[in-house]
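Breakdown of the fold
Spelled out from the first residue to the last, the chains are:
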Amino acid sequence: RPFQAALLDAVEAGIDDIIQGQPEGFALSFAVRTAIARGEERTEKIDMEYLQRLSMDQLKANLQGAFAFAMWEYAPHKLRVGIPPIDRGVEVDGPNGLVVDGYRLGPHLGRGLSANIYEVEPPAGVAPAFAGGEVIRVMEKSSIKHLSGLVSLHRSFRVMRMLSADWRHPSIAALLQIYHSPTRIYFRMERAGSEDLYRRLLARDRGERPPLGLPL
């Protein structure tokens, strides 16, 4: 009976060990129990390592959460950065693709310095604000890692709003709305075609296209 009990203990403990030689009777029981003890020691060590790793992962998650709060909630409020508050329900990733405030993102049109640009489809029954259509620029918040980047983003907001209202010009794409999700910032804008100023200037310098005769 002690031998069977020892074997049951070994099976329950999940022991995978080797007993040297061919012990019998008390020696075999002692060898099995020694193997169980070694297994328990290994298990305890593994548990400790797991808990330490879990603690580090939890600490990392806590630090990331604290950084996100300081960068995107506390700092904008204190610095009066012109960024909308976080809206946790502004984006929905469903079977028909990503939808932002009812606007469904369509084909990818290109990438700028810090954002991807997508064609956008307005909600049902809502006409585009411009005949040429609208786009959404998608900026990942993870690309901004310092307060200086947040201040630079604030300046961009101010300039874009100014050029879309007080200094409106037909040759400058208008900003319609800014959305702020937990992980991204969305800029809904007028679609300005497939060419940007940088490409146009390069083409002009190469003599590929004549300069545009636009009023200033």
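Since we're looking at a predicted model, the values are computed, not measured.

1. Some remarks on a nonpolar patch on the surface
On the surface, M48, Y50, L51 and L54 cluster together to form a nonpolar patch covering roughly 400 Å² of accessible area. Tracing the sequence through the fold places L51 in helix α2 (residues 26–79).

2. Describing the layout of surface pockets
It is the rolling of a water-molecule-sized probe over the atoms that shows where space remains empty. Its boundaries defined by the atoms lining it, the second largest pocket holds a volume of some 240 Å³. Around the second largest pocket, the lining residues are L113, S114, R137, M139, S143, I144, G149, S152, L153, S156, M160 and F187. At the level of elements, β5 (134–140) and α3 (147–164) are the ones that each hand at least two residues to the lining of the second largest pocket. Looking at the lining of the second largest pocket, the element that brings in the most residues is α3, giving 5 residues. Of the residues assigned to the lining of the second largest pocket, the class counts are 6 nonpolar, 5 polar and 1 charged.

3. A look at the pairing of strand β4 (residues 116–121)
Two strands pair when backbone bridges link them, and strand β3 (residues 103–111) and β4 are joined in this way by 5 bridges, in the antiparallel orientation. For H108, the partnering residue across the bridge sits in β4 and is Y118. With 4 bridges connecting them, β4 and β5 associate as antiparallel partners. By the bridge assignment, Y118 is partnered in β5 with I136.

4. Brief notes about the nonpolar core
Counting 18 residues, the largest nonpolar core has W72, M139, L153, F157, I185 and F187 as its most contacted members. Those elements that place two or more of their residues in this core are α2, β5, α3, β6 (175–180) and β7 (184–190). Top contributing element to this core by residue count: α3, with 4 residues. For I185, the contacting residues outside a window of four places in its chain are W72, I83, R137, V138, M139, K141, L153, F157, I178, Y179 and H180. Counting residues in hydrophobic clusters, the runner-up holds 10 residues, among them V100, V138, Y179 and Y186.

5. Observations concerning the packing of aromatic side chains
Applying the stated rule across the entire model yields 1 aromatic pair. Seen in terms of ring centroids, F157 and F187 are 5.7 Å apart; in terms of plane orientation they differ by 55°. Their pairing is tilted. In this pair, F157 sits in helix α3 while F187 sits in strand β7, placing the two residues 30 residues apart along the sequence. Overall, the relative accessible area of 0% leaves F157 in the buried class. Note that R137 overlies the ring of F187, its terminal NZ or CZ placed 5.0 Å from the centroid.

6. Points about α3
Given a rise of 1.5 Å per residue, 18 residues ought to cover 26 Å, and the 26 Å separating the end C-alpha atoms of α3 matches this to within 8%. Among all positions in α3, only L150, L153, H154, F157, M160 and S164 are buried. Down the axis of α3, the buried side of the element spans an arc of 130°, and every buried residue falls inside it. Opposite the buried face of α3, at more than 90 degrees from it, the exposed residues are S148, R155 and R158.

7. A few points about the sheet that holds β5
Reading across from one edge, β1-β2-β3-β4-β5-β7-β6 is the order of the 7 strands in this open sheet, with antiparallel pairing throughout. Each edge of the open sheet is held by one strand with a lone partner, namely β1 (91–94) and β6. Averaged over neighbouring strand pairs, the angle between their axes works out to 35° when direction is ignored. The sheet strands contacting α3 are β5, β6 and β7, and the helix crosses β7 at an angle near 20°.

8. Description of the pattern of salt bridges
Applying the stated criterion to the full structure yields 7 salt bridges. E134 is the partner of R188 in a salt bridge, and the nearest nitrogen-oxygen pair spans 2.9 Å. Note that R188 is positioned in strand β7 and E134 in strand β5, a separation of 54 residues in sequence. Note on accessibility: R188 and E134 belong to one class, buried. For R184, the salt bridge goes to E140, with nearest N and O atoms at 2.9 Å. A residue pair is termed long-range when its members are at least 10 positions apart, and R184 in strand β7 and E140 in strand β5 qualify at 44 residues. For R184, a relative accessible area of 24% corresponds to the partly exposed category. Looking at E140, the relative accessible area reads 35%, which means it is partly exposed. Residues joined by salt bridges that share partners form a network here, namely E91, E140 and R184.

Conventions and cut-offs
- Residues numbered from 1 in each chain as written.
- Predicted model: local features only at pLDDT ≥ 70, side-chain atom pairs only at ≥ 80, totals over all residues.
- Heavy atoms only, no water.
- Patch = residues over 30% accessible without salt bridge, like charges linked within 9 Å, V, L, I, M, F, W, Y side chains within 5 Å.
- Areas by Shrake-Rupley, 256 points an atom, 1.4 Å probe, with all protein chains shown as cover.
- Salt bridge = Lys/Arg side-chain N within 4 Å of Asp/Glu carboxyl O.
- Helix = DSSP H or I, 4+ residues; strand = E, 2+ residues; numbered from the N terminus.
- 1 Å grid on protein atoms, 1.4 Å probe; cavity = no way out; pocket = protein on both sides within 12 Å on 5 of 7 lines; lining within 4 Å.
- Points joined across faces, edges and corners; volume = space filled by probe spheres on them.
- Nonpolar A, V, L, I, M, F, W, Y, C, P; charged D, E, K, R; others polar.
- Pairing = 2+ DSSP bridges.
- Core = buried A, V, L, I, M, F, W, Y, C linked by side-chain atoms within 4.5 Å.
- Buried < 20%, exposed > 50% of the residue type's maximum accessible area, 1.4 Å probe, protein only.
- Contact = heavy atoms within 4.5 Å.
- Phe/Tyr/Trp six-rings, centres within 6.5 Å; stacked < 30°, edge-to-face > 60°.
- Lys NZ or Arg CZ within 6 Å of the ring centre and 35° of its normal.
- Expected span 1.5 Å × (residues − 1).
- Arc of directions from axis to C-beta.
- Axes fitted to C-alpha atoms, helices over the stretch in contact; angles between N-to-C directions.

Treat this as a map of the structure, not an account of what it does.
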